[in-house]
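For reference, the chains in residue letters:
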Number of protein chains: 2
Amino acid sequence: MDSKIVNLRSKLEIYKADSGGGNIADCPVRDVIQGINNKWSSLLMMALAEKPYRFGELRRLVPDISQRMLTQTLHDLQRDGYVHREVFPTKPPSVEYSLTDLGRSMFGPLHQLLQWAERNHGAVRDARAAFDNTQA
Amino acid sequence: MDSKIVNLRSKLEIYKADSGGGNIADCPVRDVIQGINNKWSSLLMMALAEKPYRFGELRRLVPDISQRMLTQTLHDLQRDGYVHREVFPTKPPSVEYSLTDLGRSMFGPLHQLLQWAERNHGAVRDARAAFDNTQA
DNA sequence: TAGTGCTGGTCTCTTTTTGAGACTTATATA
DNA sequence: TATATAAGTCTCAAAAAGAGACCAGCACTA
């Protein structure tokens, strides 16, 4: 069982935990991925990859995000270094969010995944329908 | 504001909602992505990309997933067509999970993203430290 | 023959996360 | 004077996730 954890670590060359303790849970890749892999992050990355947006623009662009989660997700993206936040001294002050170089770098592979989803959503929809049929 | 939604749609060529209503919320890409983009899916995909595993093996492989979420995530991955579930008539019966062709196809771009995370977790860690410093 | 462990789950309860929506502060406009 | 706008915060309710007990059927052991 433990040997299988080691096995997965080596095969994927991805589970190189800094701790060295072999505990899959404090794996740096998971740490990074969980910042990217959540409901709103990829959507906001997608928007900001197009061009910088202000807070209110993003809110209108993604109407079903709550203000609370927009604030929080942008904050997390900024903390992880993907997004730059700039305040302009207008009245009232406006805030612009844009991708950093790191953000643009990360958006490369993310975009590939999004494109896969675009190309294959038909297949996924069919799979769901088939599955739901066999269950019923 | 509505023109900006259309703008994002066209630029990214990704928001082609079946509804045609222009509502970003019922976008097929988001529908697919949310199945992939969650805490445990990518981790289980990563494990199954290596080789098929049984339920209990996966549980030991990812010690911090609850049995409840393992069941549910595997179920969702199966429903979306990424994972095949096969019951073997051993005593007690064992269940093996493996990737389908669709699953392997999706793992391609997902793997690219995981590799990005592997290569750049240092940069992300540094960004977090810097951010936390300016806040304190 | 009673006890233990293995399999792959489900069920219930608690904790965490998310969502909905009111509220803020300062300024500009009607 | 009343209203709007900006970018949030705050509170409360709802949804999702985690912890851990429990289940059935069979094999092995004492």
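Since the structure is predicted, the reported quantities are computational estimates derived from the model, not experimental observations.

Colleague: Can you tell me about the sheet that holds strand β2 (residues 83-88) of chain A, naming the residues and giving the values?
Modeller: All names here are of chain A. Sheet architecture is open: three strands sit in the order β1-β3-β2, paired in antiparallel fashion. Edge strands, defined here as strands with exactly one partner in the open sheet, are β1 (53-54) and β2. As paired strands, β1 and strand β3 (residues 94-99) are joined by two bridges and run antiparallel to one another. Bridge pairing in β3 places Tyr53 opposite Tyr97.

Colleague: Please provide a residue-by-residue account of the protein's contact with DNA strand D, values included.
Modeller: The full set close to DNA strand D counts 19 residues, and A:Gly56, A:Gln67, A:Arg85, A:Tyr97 and B:Met69 are the nearest of them. Per the 4 Å cut-off to the protein, sugar and phosphate atoms form 63% of the nearby atoms of DNA strand D. At 2.6 Å from a phosphate oxygen of DNA strand D is found a side-chain nitrogen or oxygen belonging to A:Tyr97. In the model, a base nitrogen of DNA strand D is placed 3.1 Å from a nitrogen or oxygen of the B:Arg68 side chain. When residues of the surface near DNA strand D are traced back to their parent elements, those giving at least two are α4 (55-61), α5 (67-79) and β3 of chain A together with α5 (67-79) of chain B. Among the residues making up the surface near DNA strand D, the classes are represented as eight nonpolar, five polar and six charged.

Colleague: Can you break down the protein's contact with DNA strand C residue by residue, with the values?
Modeller: Inspection of the region around DNA strand C gives 18 residues, with A:Arg68, A:Met69, B:Gln67, B:Arg85 and B:Tyr97 positioned closest. Here a phosphate oxygen of DNA strand C sits 3.3 Å away from a polar atom, N or O, in the side chain of A:Trp40. In the environment of DNA strand C, a phosphate oxygen lies 3.1 Å from a nitrogen or oxygen atom belonging to the backbone of B:Gly56. Where the surface near DNA strand C is concerned, the elements lending two or more residues are α5 of chain A together with α4 (55-61), α5 and β3 (94-99) of chain B. Among the residues forming the surface near DNA strand C, the class breakdown is seven nonpolar, five polar and six charged.

Colleague: A description of the pairing of strand β2 (residues 83-88) of chain B should follow, citing residues and the corresponding values.
Modeller: One ladder, built from six bridges, connects β2(B) with β3(B); its direction is antiparallel. When the bridges of β3(B) are listed, B:Phe88 appears paired with B:Ser94.

Colleague: So what's going on with the pattern of salt bridges? Residues and values would help.
Modeller: Where side chains of opposite charge bring their charged atoms close, a pairing between them can arise. This model, assessed by the stated rule, comprises twelve salt bridges over all chains. Of the charged contacts, one joins A:Asp80 and B:Arg128 as a salt bridge, the two residues approaching to 2.7 Å between their closest N and O atoms. In this pair, A:Asp80 sits in the loop between α5 and β2 while B:Arg128 sits in helix α6 (residues 101-135), so the two residues belong to two different chains. Residue A:Asp80 is classed as buried on the basis of its relative accessible area of 7%. By relative accessible area, B:Arg128 is classed as buried at 13%. One connected set of salt bridges, linked through shared partners, spans A:Asp31, A:Asp80 and B:Arg128.

Colleague: Tell me about α5(A), residues and numbers included.
Modeller: Residue and element names in this part refer to chain A. For α5, built from 13 residues, the straight-helix expectation of 18 Å at 1.5 Å per residue is met to within 8% by its first-to-last C-alpha distance of 18 Å. The complete set of buried residues in α5 reads Leu70, Thr73, Leu74 and Leu77. Burial along α5 is one-sided: seen end-on, the buried residues are contained in an arc of 100 degrees. Where α5 is buried, its residues touch α2 (28-36), α3 (41-50), α4, β2 and β3. One or two positions beyond α5, positive phi appears at Gly81, with a value near 90 degrees.

Colleague: Tell me about the side chain of A:Asn37, residues and numbers included.
Modeller: Take A:Asn37: it is sitting in the loop between α2 and α3. Taking the relative accessible area as the measure of exposure, A:Asn37 reaches 5% and is therefore buried. Reaching out from A:Asn37, the side chain makes a polar contact with the side chain of B:Ser42 at a distance of 3.1 Å. Leaving out residues up to four positions away in the same chain, A:Asn37 has contacts with B:Ile36, B:Asn37, B:Asn38 and B:Ser42.

Rules used throughout
Residues numbered from 1 in each chain as written. Chains lettered and ligands numbered in written order. Predicted model: local features only at pLDDT ≥ 70, side-chain atom pairs only at ≥ 80, totals over all residues. Heavy atoms only, no water. Pairing = 2+ DSSP bridges. Helix = DSSP H or I, 4+ residues; strand = E, 2+ residues; numbered from the N terminus. Near = heavy atom within 4 Å. Polar contact = N/O pair within 3.5 Å; in protein donor to acceptor, adjacent residues only side chain to side chain. Nonpolar A, V, L, I, M, F, W, Y, C, P; charged D, E, K, R; others polar. Salt bridge = Lys/Arg side-chain N within 4 Å of Asp/Glu carboxyl O. Buried < 20%, exposed > 50% of the residue type's maximum accessible area, 1.4 Å probe, protein only. Expected span 1.5 Å × (residues − 1). Arc of directions from axis to C-beta. Contact = heavy atoms within 4.5 Å.

Nothing here speaks to function; it is all geometry.
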